[in-house]
Protein chains: 12
Amino acid sequence: MTKTADYTVPGLGKENGEEIAGLLQDRLHALNDLQLVLKHVHWNVVGPNFIGVHEMLDPQTEEVRGHVDEVAERIATLGSAPSGLSGNLVADRRWQDYPLFKASVEDHLAELDKVYTGVIEDHRQLISKVGDTDPITEDLLIGQVKALELFQWFIRSHVEKISA
Amino acid sequence: MTKTADYTVPGLGKENGEEIAGLLQDRLHALNDLQLVLKHVHWNVVGPNFIGVHEMLDPQTEEVRGHVDEVAERIATLGSAPSGLSGNLVADRRWQDYPLFKASVEDHLAELDKVYTGVIEDHRQLISKVGDTDPITEDLLIGQVKALELFQWFIRSHVEKISA
Amino acid sequence: MTKTADYTVPGLGKENGEEIAGLLQDRLHALNDLQLVLKHVHWNVVGPNFIGVHEMLDPQTEEVRGHVDEVAERIATLGSAPSGLSGNLVADRRWQDYPLFKASVEDHLAELDKVYTGVIEDHRQLISKVGDTDPITEDLLIGQVKALELFQWFIRSHVEKISA
Amino acid sequence: MTKTADYTVPGLGKENGEEIAGLLQDRLHALNDLQLVLKHVHWNVVGPNFIGVHEMLDPQTEEVRGHVDEVAERIATLGSAPSGLSGNLVADRRWQDYPLFKASVEDHLAELDKVYTGVIEDHRQLISKVGDTDPITEDLLIGQVKALELFQWFIRSHVEKISA
Amino acid sequence: MTKTADYTVPGLGKENGEEIAGLLQDRLHALNDLQLVLKHVHWNVVGPNFIGVHEMLDPQTEEVRGHVDEVAERIATLGSAPSGLSGNLVADRRWQDYPLFKASVEDHLAELDKVYTGVIEDHRQLISKVGDTDPITEDLLIGQVKALELFQWFIRSHVEKISA
Amino acid sequence: MTKTADYTVPGLGKENGEEIAGLLQDRLHALNDLQLVLKHVHWNVVGPNFIGVHEMLDPQTEEVRGHVDEVAERIATLGSAPSGLSGNLVADRRWQDYPLFKASVEDHLAELDKVYTGVIEDHRQLISKVGDTDPITEDLLIGQVKALELFQWFIRSHVEKISA
Amino acid sequence: MTKTADYTVPGLGKENGEEIAGLLQDRLHALNDLQLVLKHVHWNVVGPNFIGVHEMLDPQTEEVRGHVDEVAERIATLGSAPSGLSGNLVADRRWQDYPLFKASVEDHLAELDKVYTGVIEDHRQLISKVGDTDPITEDLLIGQVKALELFQWFIRSHVEKISA
Amino acid sequence: MTKTADYTVPGLGKENGEEIAGLLQDRLHALNDLQLVLKHVHWNVVGPNFIGVHEMLDPQTEEVRGHVDEVAERIATLGSAPSGLSGNLVADRRWQDYPLFKASVEDHLAELDKVYTGVIEDHRQLISKVGDTDPITEDLLIGQVKALELFQWFIRSHVEKISA
Amino acid sequence: MTKTADYTVPGLGKENGEEIAGLLQDRLHALNDLQLVLKHVHWNVVGPNFIGVHEMLDPQTEEVRGHVDEVAERIATLGSAPSGLSGNLVADRRWQDYPLFKASVEDHLAELDKVYTGVIEDHRQLISKVGDTDPITEDLLIGQVKALELFQWFIRSHVEKISA
Amino acid sequence: MTKTADYTVPGLGKENGEEIAGLLQDRLHALNDLQLVLKHVHWNVVGPNFIGVHEMLDPQTEEVRGHVDEVAERIATLGSAPSGLSGNLVADRRWQDYPLFKASVEDHLAELDKVYTGVIEDHRQLISKVGDTDPITEDLLIGQVKALELFQWFIRSHVEKISA
Amino acid sequence: MTKTADYTVPGLGKENGEEIAGLLQDRLHALNDLQLVLKHVHWNVVGPNFIGVHEMLDPQTEEVRGHVDEVAERIATLGSAPSGLSGNLVADRRWQDYPLFKASVEDHLAELDKVYTGVIEDHRQLISKVGDTDPITEDLLIGQVKALELFQWFIRSHVEKISA
Amino acid sequence: MTKTADYTVPGLGKENGEEIAGLLQDRLHALNDLQLVLKHVHWNVVGPNFIGVHEMLDPQTEEVRGHVDEVAERIATLGSAPSGLSGNLVADRRWQDYPLFKASVEDHLAELDKVYTGVIEDHRQLISKVGDTDPITEDLLIGQVKALELFQWFIRSHVEKISA
């Protein structure tokens with residue numbers, strides 16, 4: 001099964017290219033799982049604020065699917081073969097399935113907050129790793145974190161309690 | 001973990017509602033896996049016809065994602081909780097991961113042809129099962145098969161050999 | 001006052017055409033009343049979730065108005081004269097005026113849930129009646145029920161309670 | 001049943017607010033009935049000029065529905081609960097159901113001309129009543145009459161006879 | 001000359017596929033002829049209501065051309081080779097050329113009414129034939145008949161006489 | 001008062017430029033008058049086919065206004081000063097004011113037919129005059145005649161009588 | 001020659017209708033002349049700021065043409081026949097042709113400023129005249145003056161000198 | 001520092017022009033502050049209904065910014081120099097800074113309700129002041145109050161309590 | 001059967017008008033057949049480059065259908081009755097049905113190349129014939145040939161062999 | 001008054017989050033003041049190049065308002081409460097009100113050039129401060145400086161003198 | 001290196017095709033250089049009218065790039081290989097590089113005027129050469145000259161001096 | 001000839017500004033040449049995959065032209081005069097003209113791959129050079145490399161061979 005090409009991007013070195021692609025594959029699984037979870041919550045949330053949350057999640061899904069594509073095509077550009085397969089995802093991931101089905105807005109948002117924390121922390125770690133070798137990949141990840149943190153703020157703004 | 005509501009759609013009966021929802025969950029996994037595979041091929045196909053196939057798959061992904069949403073919201077409408085989670089998908093599915101990574105247009109299209117055959121056959125079987133009880137679900141599935149068979153024809157037209 | 005034409009659609013028989021048109025007139029009144037009620041709730045709902053519900057109802061109104069038009073033009077196509085008049089509607093309908101004015105989101109959604117149940121049950125009954133004679137009318141009604149059930153799910157998702 | 005709020009618009013006085021809202025409720029019924037009649041004619045008109053008239057009425061319906069919304073939200077803004085219900089409409093209105101079903105373009109336009117005359121005369125009377133107390137409502141009604149008179153001119157231009 | 005593929009749609013059986021494709025070829029010729037006739041009338045109609053009828057026929061042509069494409073791609077999807085050729089059409093059709101050139105609105109609409117009756121009756125017969133074997137094709141034809149009957153109603157509304 | 005520049009278009013010669021610009025000024029007056037007449041008819045036409053004719057004239061006005069602009073900017077490009085003034089127009093024109101006010105569709109279309117004949121004949125004469133010297137202006141006029149003749153056909157199709 | 005109908009708008013009185021229509025005819029000539037002048041300047045302005053002024057005038061022309069249409073259809077709505085003819089315009093107007101052809105930005109804007117002053121002053125006088133009788137026409141003119149004054153400000157901002 | 005021009009709008013009188021412009025400057029500060037406050041709330045609101053309120057405020061900001069522009073250009077049209085500067089605003093305003101930062105939906109909406117009351121009351125007072133002198137400015141303010149009152153109703157509908 | 005009007009375009013002469021219309025009828029058949037053939041190939045092409053060619057043909061069909069309309073309306077404008085009927089087409093044409101059904105990209109493109117050569121050669125011959133009599137028709141045909149030659153270049157670029 | 005949340009973005013540390021948010025508040029005031037100044041100039045600029053500069057500033061205002069939103073939502077995302085209040089702005093800023101009202105293009109552009117220099121210098125200083133701790137905020141500021149420097153170039157290009 | 005195909009357009013003759021293609025190559029270089037120069041001026045113009053000229057040149061660049069494409073595809077359609085390479089351009093052109101960098105609006109427009117004169121004169125010469133052989137190419141060039149002369153008028157209108 | 005301004009961007013220092021502008025001029029030539037080459041290939045590619053590659057190159061050209069503009073305006077923003085002239089480009093570049101004319105898809109893509117490698121390597125070198133001095137320019141170049149590498153991946157995916 002062919003998984004790497006003879007090339008990587010000009011001026012980087014084939015070894016660096018393969019290493020960064022490998023690290024990005026982990027991010028690809030995380031983002032792919034995140035888009036599935038966002039849809040899952042979109043369908044299963046219930047209660048008084050249903051419609052607002054139901055609709056708030058769709059543009060997030062849309063943008064995260066864009067991130068998935070961006071990371072996968074970056075892996076391919078670096079010369080490796082990205083995996084977008086569910087079996088690979090479940091076998092390789094370092095986290096569990098999302099725990100809720102039908103549940104209230106509050107419970108779902110509290111869980112989603114944790115999911116976002118996980119994805120963002122791992123993205124930030126990778127940013128600091130690849131910055132010296134490949135500023136292009138670094139910039140791509142920074143742009144994604146900016147969006148993911150904004151989405152997380154949306155979610156946190158719902159669950160935040162104000163002490164009187 | 002809450003997975004069913006107290007209601008189903010008017011005029012159907014709660015038992016029927018739950019049974020059909022259960023059958024649709026299998027279709028939801030199949031369609032969710034299909035959208036992941038279509039993107040995977042989009043990234044990994046290579047060779048002289050790269051650009052045509054790469055671009056042909058994006059509207060297919062877009063429409064299949066619409067099918068995913070439609071089936072999941074039908075399950076919820078019938079009173080059950082749809083699962084869009086990757087762990088559930090891999091545990092419950094009756095098929096394997098897609099076998100190729102970087103490969104030629106020909107090889108990928110031959111594999112995709114098989115994937116489509118699987119999804120369509122199962123959809124057709126469910127159509128004949130639910131028609132008497134719930135014409136709404138039947139109509140939804142017929143519409144999806146119409147689109148899926150058209151997409152399969154696109155793929156078959158690439159690989160068909162003409163005997164002179 | 002002229003209420004029927006000399007024709008009905010090709011291949012159906014004038015008697016069948018008139019009978020189906022008569023049954024559809026009842027659905028036309030139901031849908032016309034539904035669009036008026038949806039606007040009425042849009043204006044009279046108050047309380048913490050006001051804006052979400054206020055805005056959720058407008059696309060529902062828009063689509064139900066499309067159903068009104070579709071049913072009325074089907075009646076005309078079948079050779080009869082559809083009635084869209086309020087006096088006819090109130091004289092012929094088998095239900096009462098919607099009971100609430102200014103009220104909370106919860107109370108309005110609970111009432112709307114009942115209204116949708118009524119409309120959907122009657123639509124489903126007509127589907128089973130016309131299927132053998134006129135598959136075109138059957139298909140039209142199935143498409144409307146699919147949308148109406150989805151809207152009802154939106155409303156039910158707001159009022160559903162999750163047992164912890 | 002709650003029909004008024006504790007407030008009216010700033011600077012108007014609660015009594016004035018309620019009185020104007022009451023007068024506007026009559027206009028709301030008239031406009032709501034007008035939109036139903038316009039659709040009814042859209043479906044029932046026949047004869048050589050069918051398509052032109054059939055299509056001319058749809059933008060009129062669209063705009064009158066906008067007027068309905070505008071008047072109802074003004075009533076709510078003034079602190080009262082607007083009624084958009086068909087039962088209320090038929091019980092409170094000072095006019096009869098539209099008299100025609102399937103009829104020629106000429107007959108329908110002659111009847112519609114009378115309907116418009118009724119709605120416009122009552123709007124004009126209300127303009128002169130509310131002008132001193134509430135110029136906002138006055139301006140809103142003036143804008144609607146401008147549109148309604150233009151639509152009536154369209155209809156009159158069809159039926160006008162030119163003396164040689 | 002190659003006219004069939006090795007496949008048909010999954011779950012149908014190659015024999016069924018070929019038979020349905022054969023029946024659809026007759027519909028393809030009928031719809032292809034209909035789009036040519038609609039344009040022909042668009043150019044040749046004269047008299048007082050010229051512009052309304054001239055413009056009413058263009059969206060009908062547009063939609064019928066969509067039906068042509070839909071039926072042809074269904075034939076291909078079923079594994080056969082659709083014929084869109086004028087020579088085949090004229091040799092195989094069971095009807096004559098449209099009889100009028102420059103003529104009044106009334107005469108053209110009376111002829112078009114007959115053309116629509118022919119196409120719709122044959123479509124309805126095929127619906128009842130293919131329903132058990134292939135619900136996808138059935139659904140496709142039902143959708144087309146719904147549109148064709150609506151167009152015929154437009155035409156009939158022009159020529160209908162109201163007895164006073 | 002400055003009416004000519006020091007330049008004309010490259011390769012034409014200043015004398016030719018001024019002469020063609022002078023001939024185009026006559027066309028500018030004709031087209032400017034035509035756009036005013038088209039609006040005038042748009043407002044004054046009455047009778048059974050009112051709405052179709054009322055609406056048919058607006059795109060004609062729009063296109064003729066484009067012709068006005070095109071001819072005027074061509075005059076300027078050739079180095080002369082175009083006149084768009086009503087006083088100049090009335091003083092210099094070789095035709096009378098349009099004769100009708102409120103009148104039937106038939107009478108207005110018969111008059112408009114004559115107006116178009118006048119404008120087109122003069123345009124065609126100018127085409128044959130400027131063709132040798134300035135193919136750019138010739139092409140501009142041909143394009144306008146093509147559109148004007150099509151508009152005239154629309155008008156003629158309304159008034160044409162078919163001998164049985 | 002027919003110039004008035006048997007009707008005016010409901011609730012106004014035929015005499016008032018004719019009188020206001022007569023006063024509006026003067027405004028129609030003024031606005032029609034203004035749109036011609038704006039185009040004339042658009043073509044004849046030269047100098048360093050050519051492009052800015054050339055482009056600034058087009059949306060003004062567009063809006064003034066809208067005013068022309070609005071006033072003419074108001075005249076027709078009131079029951080009279082509007083005149084949009086150049087011969088009438090020149091015979092009836094109380095002002096001269098615009099004085100410049102090719103000229104600098106400064107000179108043209110100074111002249112246009114005067115033209116606007118004339119049109120606005122006459123509009124304002126008519127507003128105070130018709131306010132008591134016909135608030136609809138009053139509101140229409142108020143809306144136009146609002147736009148015309150804004151356009152005049154654009155022009156004045158170009159020619160204004162700042163005293164140090 | 002130059003703050004007035006030599007002109008005001010035609011037919012008004014320079015003294016009146018300056019006085020009205022002065023009164024409008026107060027409204028300009030109020031609207032400019034309102035747009036800043038709306039954005040401030042947009043960022044600082046928290047709690048279960050976050051997303052609905054967060055999104056409801058953006059079109060309000062957009063429209064109020066349009067009002068700011070409209071009032072400022074009216075001041076300029078009247079011949080004065082509008083001030084859009086924050087230092088001027090804070091020095092001249094007759095109200096305090098908005099009192100909340102991060103706070104619940106309920107608390108923010110209660111405060112915004114007061115802000116709207118203030119702006120609308122002052123607008124209404126100015127309407128009655130300028131009506132006799134300058135109907136154009138009166139009309140402009142009426143249009144703004146219409147929108148502001150509708151926005152306030154949105155906010156009040158959230159906080160209104162229904163007495164059982 | 002009426003096939004000619006009493007008029008032709010101004011300044012041309014009725015005899016010339018009829019002759020040119022007759023020559024254009026041959027072009028109308030050719031273009032009508034071409035649009036049918038382009039769709040036919042769109043459905044029947046197979047092989048590795050399927051999707052690119054399948055999609056390339058749709059904008060060609062769209063544009064050729066525009067040519068059909070343009071030629072037919074030119075014939076009507078010249079005073080004759082255009083024929084868009086399949087029976088006429090097949091009886092009058094000087095060429096055979098397109099020879100292929102399901103075939104490879106290469107074979108279809110080679111055949112289409114010949115079809116285009118035929119249509120273009122005949123168009124070019126007609127250009128040289130009508131140029132002296134009717135420059136409007138000449139210009140119309142030149143514009144069509146420009147587009148047809150570009151489409152043929154697309155096709156030739158696929159089949160061209162480069163000698164190394 | 002609540003001004004901070006319990007959280008900051010994942011992987012940054014609450015202290016860092018608060019410190020960066022504090023530094024961004026200064027930038028928020030600067031950008032908020034800049035958008036007010038740009039509108040102020042938009043209204044007060046006069047002289048020969050009025051329209052070009054008047055229109056050039058609107059897209060700049062639009063983009064700077066986007067920067068305001070972006071910075072404020074970043075502060076909130078970092079867990080602090082952004083202030084968008086005019087009173088706070090004026091109390092905390094380190095610069096004076098913009099000095100001009102009605103003035104020439106040249107004078108306004110010279111002042112705006114200085115305003116931009118101030119904002120950009122402070123942005124650049126913050127970029128170098130936050131780069132190590134928070135690359136997301138760094139990237140956000142770099143993007144804003146890129147746009148602000150381009151806008152400043154537009155302004156400088158107007159005032160630059162070319163030595164011959 | 002392959003530079004010609006075995007074909008030219010139908011009905012022209014291979015020798016003619018090659019000769020015209022050769023003459024068009026010179027025009028391709030001229031247009032390609034023109035688009036580069038227009039962008040160059042777009043960046044380097046300075047002074048009081050900067051923004052108007054800066055923005056006026058972008059639609060000119062856009063249209064000239066369209067001309068480049070049109071000429072190059074015409075060369076290919078005629079069977080030759082167009083050169084769009086900068087080295088070829090500079091080696092083959094009969095003119096020098098544009099002489100200015102940063103310069104005032106006046107100086108740049110004076111230079112651009114000369115560039116346009118050169119391109120237009122050569123285009124006009126080629127029109128007269130190819131007219132007899134290939135009316136399609138002639139028509140293409142006429143269309144381009146029409147646009148180029150209009151652009152030149154824009155430029156000339158800026159620099160023209162009016163003698164008092 | 002003026003090539004530098006008195007300013008550079010705030011906070012950078014005039015010397016640094018000039019140096020970076022000089023380095024960017026080399027990138028400007030490379031990108032300008034690349035857009036010319038992409039169009040050249042767009043016209044000259046032939047063979048079975050013609051249409052896919054022909055169309056794939058247009059969005060690449062569009063985006064590279066955007067890069068050209070962005071780099072040139074950055075040079076101007078930094079205070080220098082960008083050169084977009086073909087003569088300068090050819091004199092200063094460190095590479096040869098693109099070697100192919102009419103050639104197969106494979107040959108062209110193999111050459112384009114080399115061209116992209118050259119442009120990307122030089123861009124990456126400049127990124128590492130300017131990062132410390134000017135992060136704005138660094139960010140601009142990173143964004144361009146991200147796009148250029150993606151385009152190169154498109155091209156490489158066509159020519160890559162998969163070992164079985």
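Let us look at the structure shown here. Given the structure is predicted, the values throughout are model-derived calculations rather than measurements.

**Focus on the nonpolar core**
- Leu 112 of chain A, Leu 112 of chain C together with Leu 112 of chain H are the most contacted members of the largest nonpolar core, which totals 156 residues.
- If near-sequence neighbours (up to four positions away) are discounted, Leu 112 of chain C is found in contact with Val 37, Leu 38, Val 41, Leu 57, Tyr 98 and Ile 155 of chain C.

**With respect to the interface of chain I and chain F**
- Of the residues lining the interface, 17 residues belong to chain I; the matching set on chain F comes to 18 residues.
- Of all residues in chain I, the largest losses of buried area upon contact with chain F belong to Tyr 7, Pro 10 and Ile 136 of chain I, amounting jointly to 39% of the total for that side.
- At the boundary of chain I and chain F, one finds three salt bridges.
- In this assembly, chain I and chain F are joined by six residue pairs in polar contact (both at pLDDT 80 or more).
- Of all elements in the fold, only helix H2 (50-77) and helix H5 (135-159) of chain I reach the threshold of two or more residues within the side of chain I that touches chain F.

**Side note on the packing of aromatic side chains**
- Throughout the structure, instances matching the rule amount to 36 aromatic pairs over all chains.
- Note on Trp 153 of chain F and Phe 154 of chain F: the rings are 5.6 Å apart at their centroids and 65° apart in plane angle, and the pair reads as edge-to-face.
- What makes Phe 154 of chain F buried here is its relative accessible area of 14%.
- An aromatic cluster is present here, built from Phe 50 of chain A together with Trp 153 and Phe 154 of chain C joined pairwise through their rings.
- We note Arg 156 of chain D situated over the ring of Tyr 7 of chain G; from NZ or CZ to the ring centre the distance is 4.4 Å.

**Digging into the interface of chain I and chain E**
- Taken residue by residue, the interface counts 44 residues in chain I and 44 residues in chain E.
- Each partner contributes to the roughly 3300 Å² buried at the junction of chain I and chain E, and carbon and sulfur atoms together form 60% of this total.
- The largest per-residue losses of area from chain I upon contact with chain E belong to Trp 43, Phe 101 and Lys 102 of chain I, which jointly make up 25% of the total buried on that side.
- Applying the counting criterion to the chain I and chain E interface returns two salt bridges.
- Its salt-bridge partner being Lys 39 of chain I, residue Asp 69 of chain E comes within 2.8 Å of it at the nearest N-O pair.

**Notes on the packing of helix H1 (residues 14-44) of chain E against helix H4 (residues 105-130) of chain E**
All names here are of chain E.
- Relative orientation of the contacting elements H1 and H4 amounts to 165°, with a least axis distance of 11 Å. The pairing of H1 with H4 is recorded here as roughly antiparallel in orientation. Seen from above, H1 lies across H4 with left-handed handedness. Contact residues: H1 offers Ile 20, Leu 23, Leu 24, Arg 27, Leu 31, Leu 34, Val 37, Leu 38, Val 41 and Asn 44, while H4 offers His 108, Leu 112, Val 115, Tyr 116, Val 119, Asp 122, His 123, Leu 126, Lys 129 and Val 130.
- A breakdown of the residues in the contact of H1 with H4 according to their chemical character gives 14 nonpolar, three polar and three charged.

**A short note on the packing of H5 of chain I against helix H5 (residues 135-159) of chain K**
- Where H5 of chain I meets H5 of chain K, the closest approach of the two axes is 9 Å, and the angle between their N-to-C directions is 100°. Here H5 of chain I is positioned roughly perpendicular relative to H5 of chain K, judged by the angle of their axes. Where H5 of chain I approaches H5 of chain K, its residues Asp 139, Ile 142, Val 145, Lys 146 and Glu 149 of chain I are matched on the opposing element by Pro 135, Ile 136, Asp 139 and Leu 140 of chain K.
- When its residues are assigned to classes, the contact of H5 of chain I with H5 of chain K shows five nonpolar, no polar and four charged.

**What about the relation of the copies chain I and chain E?**
- Superposing chain I onto chain E takes a rotation of 180° combined with a translation of 0.0 Å along the rotation axis, leaving an RMSD of 0.1 Å. What the superposition gives is, in effect, a two-fold axis relating one chain to the other. Across chain I, the smallest distance between a C-alpha and the rotation axis is recorded for Ser 86 of chain I, namely 3.1 Å.
- Both copies contact each other with a shared surface, as 100% of the interface residues of chain I are interface residues in chain E too.

**Examining the pattern of salt bridges**
- A complete count under the given rule lists 204 salt bridges over all chains for this structure.
- When the shortest N-O distance is used, the salt bridge between Glu 149 of chain J and Arg 74 of chain L registers 2.6 Å. Taken as a pair, Glu 149 of chain J in helix H5 (residues 135-159) and Arg 74 of chain L in helix H2 (residues 50-77) lie in two separate chains rather than in one.
- Taking the relative accessible area as the measure of exposure, Arg 74 of chain L reaches 4% and is therefore buried.
- The partner of Arg 93 of chain L in a salt bridge is Asp 33 of chain L, with the nearest N and O atoms 2.9 Å apart.

**Here we look at the environment of Arg 124 of chain L**
- When you line up the elements, Arg 124 of chain L lands in helix H4 (residues 105-130).
- With 107 residues separating them along the chain, Arg 124 of chain L and Gly 17 of chain L place their C-alpha atoms 19 Å apart.
- Residues in contact with Arg 124 of chain L, not counting those within four places in the same chain, are Val 9, Pro 10, Leu 12, Arg 74, Thr 133, Asp 134, Pro 135 and Ile 136 of chain A together with Val 145 and Glu 149 of chain L.

**Points about the relation of the copies chain I and chain F**
- Placing chain I over chain F gives an RMSD of 0.1 Å and needs a rotation angle of 120°, together with 0.0 Å of translation along the axis. One copy is carried onto the other by what is essentially a three-fold rotation axis. No C-alpha of chain I approaches the rotation axis more nearly than that of Asp 139 of chain I, which lies at 4.9 Å.
- Of the residues that chain I buries at the interface, just 6% are likewise interface residues in chain F, meaning the two copies contact each other through different surfaces.

Definitions and limits used
- Residues numbered from 1 in each chain as written.
- Chains lettered and ligands numbered in written order.
- Predicted model: local features only at pLDDT ≥ 70, side-chain atom pairs only at ≥ 80, totals over all residues.
- Heavy atoms only, no water.
- Core = buried A, V, L, I, M, F, W, Y, C linked by side-chain atoms within 4.5 Å.
- Buried < 20%, exposed > 50% of the residue type's maximum accessible area, 1.4 Å probe, protein only.
- Contact = heavy atoms within 4.5 Å.
- Buried area = accessible area lost by both parts, 1.4 Å probe.
- Salt bridge = Lys/Arg side-chain N within 4 Å of Asp/Glu carboxyl O.
- Polar contact = N/O pair within 3.5 Å; in protein donor to acceptor, adjacent residues only side chain to side chain.
- Helix = DSSP H or I, 4+ residues; strand = E, 2+ residues; numbered from the N terminus.
- Phe/Tyr/Trp six-rings, centres within 6.5 Å; stacked < 30°, edge-to-face > 60°.
- Lys NZ or Arg CZ within 6 Å of the ring centre and 35° of its normal.
- Axes fitted to C-alpha atoms, helices over the stretch in contact; angles between N-to-C directions.
- Parallel < 35°, antiparallel > 145°, perpendicular 65-115°, else oblique.
- Left-handed = near helix turned anticlockwise from the far one by under 90°.
- Nonpolar A, V, L, I, M, F, W, Y, C, P; charged D, E, K, R; others polar.
- Least-squares fit on C-alpha atoms with pLDDT ≥ 70 in both.

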